[in-house]
Structures are given as structure tokens and as C-alpha cells.
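Tertiary structure, described
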Amino acid sequence: MSQVFREAVSIEALNALSRNTLIDHLGIVFTAAGEDWVSATMPVDARTRQPYGILHGGASVVLAETLGSSAGNLCVDTTQQVCVGLEINANHIRAMRGGVVTGTARAVHVGRSTHVWDIRIEDEGGRLVCTSRLTLAVVPAVAPV
């Protein structure tokens with residue numbers, strides 16, 4: 001897929017928008033972006049592990065939805081429309097006990113009313129930890145609470 005974002009992606013702006021949210025609390029940090037993809041890291045630590053000491057599947061889903069939703073919103077004029085999660089699925093492939101995972105969301109379909117994003121989460125060695133697919137609805141923007 002070619003250029004899908006409305007303008008060049010500012011990693012600093014994405015990280016600033018995430019402050020004081022669940023994204024910030026889990027230690028998710030946007031790190032890179034291209035013409036149709038965006039990446040972020042997340043630590044595997046006490047914030048993101050489940051009681052058995054491995055990466056919580058829900059934390060992986062938060063990372064996936066964060067990446068896909070953020071990417072989707074880079075494709076629309078957020079003064080007029082926003083992209084919100086409609087459906088997400090995730091397959092958890094590899095357990096992680098520590099370190100950092102990196103997720104990358106890539107556009108599959110960017111339409112006027114829906115988007116589909118493929119999110120791949122990998123360990124520090126590039127091995128697949130989780131694969132996810134996110135469908136977004138493009139809806140009218142409302143004033144923030």
C-alpha cells in the first residue's frame with residue numbers, strides 16, 4: 001500500500017497525545033513510522049504481565065489497538081472524523097517473561113467508513129509474539145471530554 005497518512009507522522013506528537021492515558025501507564029512508546037505503518041514498544045514488566053509471570057494477552061491487545069487506532073487517525077482529519085475500534089482479534093504465539101516487545105501496524109484497507117489494520121508484535125529477536133487484526137469505524141468527531 002502506498003502513502004496512507006494525511007501528512008508526515010510526528011512520533012513526538014503521538015507520544016504527547018498518549019500522556020496520562022492507559023498507553024502511558026503501560027509504558028507504550030511510539031518509535032517509528034513509514035508511509036503506511038507505525039511502530040511502538042512496550043515493556044514486559046509488572047505492568048504488563050499476568051499472575052503467571054508472562055506477558056498478559058490483554059496488554060498485547062492494548063498495544064495492537066493503540067497502534068491501529070493511532071494509525072487510523074493519522075489517515076483522517078480528526079477535526080471532522082475519528083477512527084474507533086469496531087473489532088479486534090489476536091493470536092498469542094509466543095510467551096514473554098521480560099524484555100520489550102515491538103508492535104507494527106500496517107494498513108490493509110483504508111476506506112471512507114472503515115479501516116483494517118494488521119498488527120504484528122515481535123520480541124527483541126524479531127520472533128512473532130502476537131498477531132492481531134483491527135477493524136476501525138470512521139465516525140464523526142465529537143468534542144473531547
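See above for the structure.
First, a word on scope: everything that follows refers to the structure included in this document. (Residues numbered from 1 in each chain as written. Predicted model: local features only at pLDDT ≥ 70, side-chain atom pairs only at ≥ 80, totals over all residues. Heavy atoms only, no water.)

A word on the overall build of the protein
- Along the backbone of the protein there are three helices and six strands.
- Across the protein, helices and strands are ordered from the amino to the carboxyl terminus as α-α-β-β-α-β-β-β-β.
- Whereas a compact globule of 145 residues would reach a radius of gyration of roughly 15 Å, the protein reaches 15 Å, a difference of no more than 12%.
- With respect to the three principal axes, the spread of C-alpha positions in the protein is 45 × 30 × 25 Å.
- When each of the 145 residues of the protein is scored for burial, the buried share is 39%.
- Long-range pairs, those at least 24 residues apart, make up 63% of the contacts in the protein between residues at least 6 apart in sequence.
- Taken as a whole, the protein presents about 7800 Å² of accessible surface, with 52% of it coming from carbon and sulfur.
- Side chains of the protein carry 11 positive and 13 negative charges; the gap between the two charge centres is 6 Å. (Helix = DSSP H or I, 4+ residues; strand = E, 2+ residues; numbered from the N terminus. Rg over C-alpha atoms; globule rule 2.2 N^0.38 Å. Buried < 20%, exposed > 50% of the residue type's maximum accessible area, 1.4 Å probe, protein only. Contact = heavy atoms within 4.5 Å. Areas by Shrake-Rupley, 256 points an atom, 1.4 Å probe, with all protein chains shown as cover. Lys, Arg positive; Asp, Glu negative; His and termini not counted. Charge placed at Lys NZ, Arg CZ, Asp CG, Glu CD.)

Observations regarding helix H3 (residues 57-73)
- For H3, spanning 17 residues, the distance from its first C-alpha to its last is 24 Å, which sits close to the expected 24 Å at 1.5 Å a residue.
- Listing the buried residues of H3 in full gives Ala59, Ser60, Leu63, Ala64, Thr66, Leu67, Gly68, Ser69, Ser70, Ala71 and Gly72. (Expected span 1.5 Å × (residues − 1).)

Digging into the environment of Asp36
- Within the fold, Asp36 resides in the loop between strand S1 (29-33) and strand S2 (37-43).
- Exposure remark for Asp36: the relative accessible area of 11% places this residue in the buried category.

Focus on the nonpolar core
- Leu55, Leu63, Leu67, Val101, Trp117, Ile119 and Ile121 are the most contacted members of the largest nonpolar core, which has 33 residues in total.
- Looking at this core, the elements that each hand over two or more residues are helix H1 (11-17), S2, H3, strand S4 (100-110), strand S5 (114-122) and strand S6 (128-140). (Core = buried A, V, L, I, M, F, W, Y, C linked by side-chain atoms within 4.5 Å.)

Overview of the packing of aromatic side chains
- By the definition in use, this model includes one aromatic pair.
- Ring geometry for Phe5 against Trp117: centres 6.3 Å apart, planes inclined by 5 degrees, an arrangement best described as stacked. Pair noted here: Phe5 is in the segment before H1 and Trp117 is in strand S5, with a separation of 112 residues, a long-range link. The same class applies to Phe5 as to Trp117, namely buried. (Phe/Tyr/Trp six-rings, centres within 6.5 Å; stacked < 30°, edge-to-face > 60°.)

So, the pairing of S4
- Both S2 and S4 contribute to a ladder of seven bridges, which runs antiparallel. Within S4, the position partnered with Val38 by the bridge is Ala105.
- Taken together, the eight bridges between S4 and S5 define a ladder with antiparallel strand orientation. Among the inter-strand pairings, Val110 is bridged to a residue of S5, identified as His115.
- Counting the residues in the hairpin turn of S4 and S5 gives three residues. (Pairing = 2+ DSSP bridges.)

Structural notes on the sheet that holds strand S3 (residues 81-92)
- Read across the sheet, six strands follow the order S1-S2-S4-S5-S6-S3 without closing on themselves; strand pairing throughout is antiparallel. Edge positions in the open sheet fall to S1 and S3, since each of these has one partner strand only. With strand direction ignored, the average angle separating the axes of adjacent strands in the sheet is 25 degrees.
- Relative to S2, S1 runs antiparallel, the two sharing four bridges. Across the sheet, Phe30 pairs through a bridge with Ala40, a residue of S2.
- Along the sheet, H3 contacts S1, S2, S3, S4, S5 and S6; its crossing angle with S3, the most-contacted strand, is approximately 145 degrees. (Axes fitted to C-alpha atoms, helices over the stretch in contact; angles between N-to-C directions.)

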